[in-house]
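Topology and contacts: notes
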Amino acid sequence: GAGVSQSPSNKVTEKGKDVELRCDPISGHTALYWYRQRLGQGLEFLIYFQGNSAPDKSGLPSDRFSAERTGESVSTLTIQRTQQEDSAVYLCASSPRPRDTQYFGPGTRLTVL
Amino acid sequence: AQSVTQPDIHITVSEGASLELRCNYSYGATPYLFWYVQSPGQGLQLLLKYFSGDTLVQGIKGFEAEFKRSQSSFNLRKPSVHWSDAAEYFCAGVILTGGGNKLTFGTGTQLKVEL
């Protein structure tokens, strides 16, 4: 594909609901990252996938957050029982290999009411 | 702890004026450093990166950055700003590990360009 794509672009949900965010990386990119960007703050690392290796989940803020990736393709980030503090832009990035430049998608803006 | 600091939250410059955005890092070893730009509704676009070698790095859109180990800085510069450069700029760094590179971002600098 031309670049990293994410869907939906915007998501408004009620507190307590579950949400699922999708990321389609650039074809052939083996590494995939999720970041969170809160208003007025820099990006925070959430989780990293590399091929079939176990993901690095060290950045997930709580057990309400989880993510999956099918092979070297699509990834989904799931937030269960959303809280207002989960409101942020969630950005996905992919890179051709682990030690290479990361290319970012446009993000999903999540608003929890 | 590893960190990247951008001291300026907002900067306003006139079109055609020169620009310098500050970035300081704190790492136990020399990190790899990046500058990204984020326009409204857009994802992050890589402007330039420093891995090693020449400390003056050239990027896209006429931007450059200089790595200064003695000052722990990686400031972004442009000789003449264009109105289309108005955006938010993020400095990021990483110590590469065996598993990948988790970027640590600064809080960003919002650039406004006055015509």
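Summary of the structure given here. It should be emphasised that the depicted structure is a prediction, and the values quoted were computed from it without experimental measurement.

A few points about the nonpolar core
- Judged by nonpolar contacts, the single largest core of 26 residues is most densely connected at L19, W35, L47, L48, F74, L76 and Y89 of chain B.
- Broken down by secondary-structure element, the contributors of at least two residues to this core are β2 (10-14), β3 (19-21), β5 (32-38), β6 (44-50), β8 (64-68), β9 (73-78), β10 (87-94) and β12 (109-114) of chain B.
- The residues touching L19 of chain B, leaving out its near neighbours within four places in the chain, are I11, V13, F63, L76, R77, K78, V81 and L111 of chain B.
- Counting 20 residues, the second-largest nonpolar core is a separate cluster that includes L21, C23, A88 and V112 of chain A.

Overview of the interface of chain A and chain B
- With 20 residues of chain A in contact, the opposing surface of chain B contributes 20 residues.
- Both sides together, the interface formed by chain A and chain B hides about 1,600 Å², and carbon and sulfur atoms give 52% of it.
- For the interface between chain A and chain B, the tally reads four residue pairs in polar contact (both at pLDDT 80 or more).
- Elements supplying a minimum of two residues to the side of chain A that touches chain B: β4 (31-37) and β5 (43-50) of chain A.
- Looking at the side of chain A that touches chain B residue by residue, the classes come out as nine nonpolar, eight polar and three charged.

Looking at unusual backbone geometry
- A cis amide bond, omega -10°, links S7 of chain A with the succeeding residue P8 of chain A.
- Position of P8 of chain A relative to the elements: it lies in the loop between β1 (5-7) and β2 (10-13).
- In this structure, R81 of chain A is a non-glycine residue whose phi angle is positive, near 50°.
- Note on placement: R81 of chain A falls in the loop between β7 (75-79) and β8 (88-95).
- Here the phi dihedral of K61 of chain B falls at roughly 60°; this positive angle occurs in a residue that is not glycine.
- Along the polypeptide, K61 of chain B turns up in the loop between β7 (56-58) and β8.

Describing the environment of D63 of chain A
All names here are of chain A.
- Tracing the chain through its elements places D63 in the loop between β5 and β6 (65-69).
- Among the residues examined, D63 registers a relative accessible area of 67% and is labelled exposed.
- Considered as a pair, D63 and W34 are 29 residues apart in the sequence and their alpha carbons are 16 Å apart.
- Setting aside residues up to four positions removed in sequence, D63 forms contacts with Q80 and R81.

Notes on the pairing of β10 of chain B
All names here are of chain B.
- Burial analysis of β10 places seven of its eight residues in the buried class, the great majority of the element.
- Summarising the sheet, β5 and β10 pair through seven bridges and their orientation is antiparallel. Bridge pairing in β10 links L33 to G93.
- Sheet topology places β10 next to β12; three bridges connect them, and they run antiparallel. Within β12, the residue paired with Y89 across the bridge is T109.

What about the state of the cysteines?
- For the coordinates displayed, the defined rule picks out two disulfides over all chains.
- There is a disulfide in this structure between C23 of chain A and C92 of chain A, and the S-S distance comes to 1.9 Å. Here the S-S torsion is close to -65°, and the disulfide linking C23 of chain A with C92 of chain A is therefore left-handed. Placement of the pair is C23 of chain A in strand β3 (residues 19-24) and C92 of chain A in strand β8, with a sequence separation of 69 residues. When sorted by exposure, C23 of chain A lands in the same class as C92 of chain A, which is buried.
- Across a sulfur-sulfur distance of 2.0 Å, C23 of chain B and C91 of chain B are joined as a disulfide pair. The chirality of the disulfide connecting C23 of chain B with C91 of chain B is left-handed, given an S-S dihedral of about -65°. Residue C23 of chain B is found in the loop between β3 and β4 (24-26), and its partner C91 of chain B is found in strand β10; the two are separated by 68 residues along the sequence.

Definitions and cut-offs
Residues numbered from 1 in each chain as written. Chains lettered and ligands numbered in written order. Predicted model: local features only at pLDDT ≥ 70, side-chain atom pairs only at ≥ 80, totals over all residues. Heavy atoms only, no water. Core = buried A, V, L, I, M, F, W, Y, C linked by side-chain atoms within 4.5 Å. Buried < 20%, exposed > 50% of the residue type's maximum accessible area, 1.4 Å probe, protein only. Helix = DSSP H or I, 4+ residues; strand = E, 2+ residues; numbered from the N terminus. Contact = heavy atoms within 4.5 Å. Buried area = accessible area lost by both parts, 1.4 Å probe. Polar contact = N/O pair within 3.5 Å; in protein donor to acceptor, adjacent residues only side chain to side chain. Nonpolar A, V, L, I, M, F, W, Y, C, P; charged D, E, K, R; others polar. Pairing = 2+ DSSP bridges. Disulfide = S-S within 2.5 Å.

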